[in-house]
Amino acid sequence: MAKKIKVTVWNEFRHERKTEAIAKIYPDGIHMAIARALRANPDMEVGTATLDEPEHGLSQAVLDATDVLLWWGHMAHGEVSDEIAARVQNRVLEGMGLIVLHSGHFSKPFKRLMGTACTLMWREVGEKERVWTIDPSHPIAEGIGPYIDIPHTEMYGERFDIPTPDQVVFISWYEGGEVFRSGCTFERGMGRVFYFAPGHETFPIYHQAEIQKVLTNAARWAAARVRLPQACRMVPAIEKITPRD
Ligand code: ZN
């Protein structure tokens with residue numbers, strides 16, 4: 001059997017421990033719900049990491065052994081250390097994949113990798129979202145129909161301040177009238193980045209089969225293919241050089 005994809009699901013894991021209604025939806029945390037869904041894939045080996053673990057659970061050894069990292073954060077972006085955010089960014093440049101979920105649009109690793117403000121419009125009234133597949137030939141859209149309906153969601157609207165994505169795989173429409181580039185890919189260094197908007201903590205969105213399918217596809221698409229440490233090196237010449245006078 002081919003080498004398994006090493007997945008790490010990272011979650012700040014605060015909302016689920018603070019709010020009873022959220023704990024009811026995700027009793028052992030959003031990270032565990034996502035990890036369980038990904039573990040159903042025999043080609044994946046899935047671990048988890050959370051903010052309050054030493055080094056946020058993201059030691060250099062953990063990141064070195066990770067092919068693709070999923071990131072969910074919201075209320076504690078500021079508590080993520082700059083050192084760990086830089087470590088994640090550097091691993092992406094070396095080739096690790098990164099899937100940034102929902103409110104992770106404002107996380108330190110995503111903002112560092114995008115280089116823009118990553119701001120957006122939002123509204124939390126539990127309206128309907130229709131996630132349109134606009135690039136059906138993309139590997140992340142494999143097995144997804146023309147659209148995914150999410151009965152209750154938080155609205156994320158344009159303008160989303162990101163650099164022009166390499167590919168926009170999904171665009172969401174909301175009951176209130178807005179649209180949003182809800183599934184976008186980027187390449188940074190040797191690494192692939194996918195931003196996916198659905199996933200507000202007060203709705204059971206990560207329990208939805210089509211959403212789990214998108215995350216599975218995205219993990220396979222983003223998984224590291226190479227590892228190329230980023231350093232400037234002085235190198236000897238390959239061919240013999242005849243110096244000029
Ligand atoms: Zn939210």
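For the structure itself, consult the block above.
What you are looking at is a predicted structure, and each value in this text was computed from that prediction instead of being measured. (Residues numbered from 1 in each chain as written. Predicted model: local features only at pLDDT ≥ 70, side-chain atom pairs only at ≥ 80, totals over all residues. Heavy atoms only, no water.)

Colleague: How should helix α3 (residues 30-39) be read in this particular structure?
Modeller: Turn by turn, an α-helix covers 3.6 residues, leaving residues three or four places apart pointing in a common direction. Of all ten residues that make up α3, seven are buried, and the element is covered over most of its length. For α3, the set of buried residues is Ile30, His31, Ala33, Ile34, Ala35, Ala37 and Leu38. (Buried < 20%, exposed > 50% of the residue type's maximum accessible area, 1.4 Å probe, protein only. Helix = DSSP H or I, 4+ residues; strand = E, 2+ residues; numbered from the N terminus.)

Colleague: Would you mind showing me how to read the environment of Leu215 here?
Modeller: In this structure, Leu215 sits in helix α7 (residues 209-222). Distance in space between the C-alpha atoms of Leu215 and Leu38 is 7.8 Å, their sequence separation being 177 residues. With sequence-adjacent residues up to four places away left out, Leu215 is seen in contact with Ile34, Leu38, Ile99, Leu101, Phe196 and Tyr206. (Contact = heavy atoms within 4.5 Å.)

Colleague: What exactly am I supposed to notice about unusual backbone geometry here?
Modeller: With glycine set apart, most residues show a phi of negative sign, and most peptide bonds adopt trans. A cis geometry characterises the amide bond from Glu158 onward to Arg159, with omega recorded as 15°. One can find Arg159 in the loop between β6 (147-157) and β7 (167-174). Look at Phe13: it is not a glycine, yet its phi comes out positive at around 55°. Here Phe13 lies in the loop between β1 (5-11) and α1 (15-18). You can call Phe13 buried: its relative accessible area is 19%. We note that His102 has phi near 45°; this positive angle belongs to a residue other than glycine. Counting through the fold element by element, His102 comes out in the loop between β4 (97-101) and α6 (108-114).

Colleague: Which parts of the structure should I look at to understand the packing of aromatic side chains?
Modeller: By convention here, two paired aromatic rings are described through the distance between centres and the angle between planes. All told, the structure shown has ten aromatic pairs when counted by the stated rule. In textbook terms, an aromatic cluster arises when at least three aromatic residues are bridged by ring pairs, as seen for Phe110, Tyr156, Phe160, Phe180, Phe186 and Tyr195. Of note, Arg17 hangs over the ring of Phe13, and the distance from its end group to the ring centre comes to 4.8 Å. Between the NZ or CZ atom of Lys111 and the centre of the ring of Phe106, over which it lies, the distance is 3.9 Å. (Phe/Tyr/Trp six-rings, centres within 6.5 Å; stacked < 30°, edge-to-face > 60°. Lys NZ or Arg CZ within 6 Å of the ring centre and 35° of its normal.)

Colleague: Is there a simple way to think about helix α5 (residues 82-94) in this case?
Modeller: Between its first and last C-alpha atoms α5 spans 18 Å; for 13 residues at 1.5 Å apiece the expected length is 18 Å, and the two agree. Residues of α5 that are buried: Ile84, Ala85, Arg87, Val88, Gln89, Arg91, Val92 and Glu94. Contacts from the buried residues of α5 go to α4 (60-64), β3 (68-72), β4, α6, β8 (179-188) and β9 (191-196). At the C-terminal side of α5, Gly95 shows a positive phi close to 140°. (Expected span 1.5 Å × (residues − 1).)

Colleague: Whenever I open this one, the pairing of β4 confuses me. Can you help?
Modeller: Note on strand geometry: in a regular strand, side chains alternate between the two faces of the sheet. Taking burial as the measure, the five residues of β4 include five buried ones, the bulk of the element. Here β4 shows two buried faces, one formed by Gly97, Ile99 and Leu101 and the other by Leu98 and Val100. Here β3 pairs with β4 via five bridges, running parallel. Within β4, the position partnered with Trp72 by the bridge is Leu101. In this view, the connection linking β3 to its parallel neighbour β4 by way of α5 has right-handed handedness. Both β4 and β9 contribute to a ladder of four bridges, which runs parallel. (Pairing = 2+ DSSP bridges. Right-handed = clockwise from strand over helix to strand, strands pointing away.)

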